[in-house]
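Working through the structure, step by step
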Amino acid sequence: MLHLLALLLPSEPEVTAFVDVRVIPMDRERVLEHQTVLVRGDRIARVGPAAEVAVPEGARRIDGAGRTLVPGLTDMHAHFLCDFGFQPDARVDDEMFLMLGNGVTTARLMIGRPEHLQWRREIDGGARLGPRLFVASPQFSGRRYGDPHFNGVEVKTPEAAAAAVRQCKKDGYDCIKLTFFISRPVYDAVVATAREEGIRVVGHVGHDVGLPRALEAGQQVEHLDEFLEMLLPEPAGGRTSVSGMSVWDPRSWPSVDHLDASRIPAVAEQVVQAGIWNTPTLFYLDTFGVRRSREEIQSWPWYRFFTPDYVQKFEDARLRFLEVQPSDERAARFVALRRAFVKALWEHGGKLMAGSDAPELFCLYGFTLHREIQTFVEAGLTPYAALETATRNPAEWLGIAGDAGTIAEGRRADLVLAEGNPLDDLRRLERPVGVRLRGRWIPRDAIETRFDAIAAAFQAGS
Ligand SMILES: [Zn+2]
């Protein structure tokens, strides 16, 4: 708590200068060497050659030599631990700091709750330290699941769905989030009402809806749901492959043998033509295609942030999946086809966005967001294109491109300073030299100190 208070105190000078720094502005593919970037309050005041930009008297000077400034990162698919029902909201400041310490300065919360809207107001008002939040609605589901912690709106009829869309718009949520068991009539009502209300629809696509209808509706698709279904010899008619909840169903995995990869370019073209953006959450869904042993998971540097009750719950889930998991061949094909879709979407000019889906199944905020953008590179994107998925692309989708997602004078000074050039190796972003947001500079040592305190508290289960 002391650390948090220290960060909230306005103790630093008004102007910060990143001196002689490399800048990746993300406005187009270019790298600016030997720049000085002046930040005043929460705004970028000046970007120019170090030889030309004078550092004002009294400014905080941060040595940029050999270092790179990139825009703050955005996690387009995040949840809080408390969304799972068994964690107290009291941890949320620590969770948000785990985002910030990883350079995540904007996050879209994918299953909203009224508390999230409250926290957003408190962050914007300066009473809490956290990333800029965008909040999807409570999840719309055709029926309650996961009781007693179902955190959403049950939408069984078109009338109920339409009313729920109107209410969410009124409550101030940024988009409508769909999860599971959505019937086609309910889907149609959600889409029509959302269009009337001027609110976008995002999330899962179910088998009863299918990708062609989602494309027509303009839904922003998460997890590449229903993409593999498009590779089935007869994609229509309710035939299922492996997406959404069906990863847990052993009956869905044999379909992987019949998927026709030669259809991928045509499907990607269709998606791009429809203007649909995607958050593939590759790293998270690799959970179901890559055998991650307990030892591997325990070796992850972020494992220390899991509480004992979290580990219990998700280790149970991991073991449950071992009972339904597919053959090595099917698992590998699942991973390869999803990567092939990501590459094809990118090659066809489609827009991809990075999302961690933390804290699902041992994924954790910025730590896994970094893995996500690295996985995009494994899938075939250039490092620059991968970085776009966590900076410029989300800013465009969120409608804040004039203000964030790129480095330019007048933009918000949400910035990450990395050692070396991250375009040589995106892992350089994993341990920022420091993070700047909302007029504050959070240096590496403050990040480490707070991370250690959070790990100790979470390990103690407090
Ligand atoms: Zn999610």
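Preceding this paragraph is the structure being described.
Residues numbered from 1 in each chain as written. Predicted model: local features only at pLDDT ≥ 70, side-chain atom pairs only at ≥ 80, totals over all residues. Heavy atoms only, no water.

1. A short note on the overall build of the protein chain
To be explicit about the condition: Secondary structure elements follow DSSP: runs of H or I no shorter than four residues count as helices, runs of E no shorter than two count as strands, and numbering proceeds from the N terminus. Burial classification: accessible surface area is computed with a 1.4 Å probe over protein chains only, and a residue below 20% of its type maximum counts as buried, one above 50% as exposed, and the rest as partly exposed. Using a 1.4 Å probe, the Shrake-Rupley method yields the accessible areas, and only the shown protein chains count as cover for residues.
Check the secondary structure of the protein chain and you find 15 helices and 17 strands. In terms of overall dimensions, the protein chain has C-alpha extents of about 70 × 50 × 45 Å along its principal axes. Per-residue burial for the protein chain yields a buried fraction of 58% across its 462 residues. Total accessible area on the protein chain is roughly 17700 Å²; 51% of this is exposed by carbon and sulfur atoms.

2. Focus: empty space enclosed by the protein
Let me state the cut-off plainly: Using only the protein atoms, space was sampled on a 1 Å grid; points where a 1.4 Å probe fits but cannot get out form cavities, open sets with protein on both sides within 12 Å along at least five of seven lines form pockets, and lining residues are those with an atom within 4 Å of a point. Grid points are joined across faces, edges and corners, and a volume is the space filled by probe spheres set on the points. Residues were grouped as follows: Ala, Val, Leu, Ile, Met, Phe, Trp, Tyr, Cys and Pro as nonpolar; Asp, Glu, Lys and Arg as charged; and all remaining residues, including Gly, as polar.
Evaluation of the coordinates by the stated rule reveals 1 cavity of 30 Å³ or more. Size it by volume and the largest cavity reaches roughly 90 Å³. By residue class, the composition of the lining of the largest cavity is 5 nonpolar, 7 polar and 3 charged.

3. Here we look at the packing of aromatic side chains
Basically, it comes down to this: Between the rings of Phe, Tyr and Trp (Trp by its six-membered ring), a pair exists once the centres lie within 6.5 Å; its type follows the angle of the planes, with under 30 degrees stacked, over 60 edge-to-face, and the other angles tilted. Note on geometry: a ring has a charge over it if NZ (lysine) or CZ (arginine) is within 6 Å of the ring centre and within 35 degrees of the ring normal.
Inspection of every chain in the model, using the stated rule, returns 27 aromatic pairs. Ring centres of Phe-18 and Trp-441 lie 5.4 Å apart, and the angle between their planes is 75°; this geometry places the pair in the edge-to-face category. Taken together, the positions of Phe-18 in strand 1 (residues 15-23) and Trp-441 in strand 17 (residues 440-443) put the pair 423 residues apart, joining distant regions of the chain. Comparing Phe-18 with Trp-441, the two get one shared label, buried. Arranged with centres 5.8 Å apart and planes meeting at 80°, the rings of Tyr-310 and Phe-362 form a pair that is edge-to-face. Separated by 52 residues along the polypeptide, Tyr-310 in helix 10 (residues 308-324) and Phe-362 in the loop between helix 11 (328-347) and helix 12 (365-379) bring together distant segments of the chain. Among the aromatic side chains, those forming a connected cluster through ring pairs are Phe-97, Phe-283, Trp-300, Trp-302, Phe-305, Phe-367 and Phe-451. Lying over the aromatic face of Phe-458, Arg-91 brings its terminal NZ or CZ to 5.3 Å of the ring centre. Looking at Arg-200, its charged tip hangs above the ring of Trp-397, at a distance of 3.6 Å from the centre.

4. A few points about helix 7 (residues 264-273)
Note the following rule: The arc in question is formed by the directions pointing from the helix axis toward the C-beta atoms. Any pair of residues with heavy atoms lying within 4.5 Å of one another is described as a contacting pair.
Along helix 7, the residues that are buried comprise Ile-264, Val-267, Ala-268 and Val-271. One face of helix 7 carries all of its buried residues, which in axial projection span an arc of 100°. Opposite the buried face of helix 7, by more than 90 degrees, sit the exposed residues Ala-266 and Gln-273. Buried residues belonging to helix 7 abut helix 6 (210-217), strand 14 (278-279) and helix 11. Directly beyond the C-terminal end of helix 7, a positive phi value near 75° is found at Gly-275.

5. Digging into the packing of helix 5 (residues 184-197) against helix 6
We count it as follows: Whenever a helix is involved, its axis is fitted only over the stretch in contact; in every case the axis is a line through C-alpha atoms, and angles between N-to-C directions fall within 0 to 180 degrees. An angle below 35 degrees is treated as roughly parallel, one above 145 as roughly antiparallel, one from 65 to 115 as roughly perpendicular, and anything else as oblique. In this scheme, a crossing is called left-handed if the near helix is turned counterclockwise away from the far one by less than a right angle; it is called right-handed if the turn is clockwise.
Packing of helix 5 against helix 6 brings their axes to within 11 Å, and their N-to-C directions diverge by 15°. Looking at the two axes, helix 5 sits roughly parallel to helix 6. Here the hand of the crossing between helix 5 and helix 6 comes out right-handed. In this structure, helix 5 contributes Arg-184, Tyr-187, Asp-188, Val-191 and Arg-195 to the contact, and helix 6 contributes Arg-213, Ala-214, Glu-216 and Ala-217. Of the residues belonging to the contact of helix 5 with helix 6, the class tally is 4 nonpolar, no polar and 5 charged.

6. Observations regarding the pattern of salt bridges
We count it as follows: Think of a salt bridge as a Lys or Arg side-chain nitrogen and an Asp or Glu carboxyl oxygen that are within 4 Å of each other.
One pass over the structure, following the stated rule, counts 36 salt bridges. The salt bridge partner of Arg-294 is Glu-315, with a shortest N-O separation of 2.9 Å. In this pair, Arg-294 sits in helix 9 (residues 294-299) while Glu-315 sits in helix 10, placing the two residues 21 residues apart along the sequence. Taking the relative accessible area as the measure of exposure, Arg-294 reaches 37% and is therefore partly exposed. Taking relative accessible area as the criterion, Glu-315 reaches 12% and is therefore assigned buried.

7. Focus on the pairing of strand 1
Selection criterion: Should DSSP find at least two bridges between two strands, the strands are regarded as paired.
Extensive coverage of strand 1 is indicated by the burial of 8 of its 9 residues. In the sheet, strand 1 pairs with strand 2 (residues 32-40) via 6 bridges, with the strands oriented antiparallel. Note that in strand 2 the partner of Phe-18 across the bridge is Val-37. In this sheet, strand 4 (residues 60-63) lies alongside strand 1 in parallel orientation, the contact comprising 4 bridges. Note on strand 4: the bridge partner recorded for Thr-16 is Arg-60. Sheet analysis places strand 1 next to strand 5 (residues 67-71), joined by 2 bridges and oriented parallel. Opposite Arg-22, over in strand 5, you have Thr-68 as the bridge partner.

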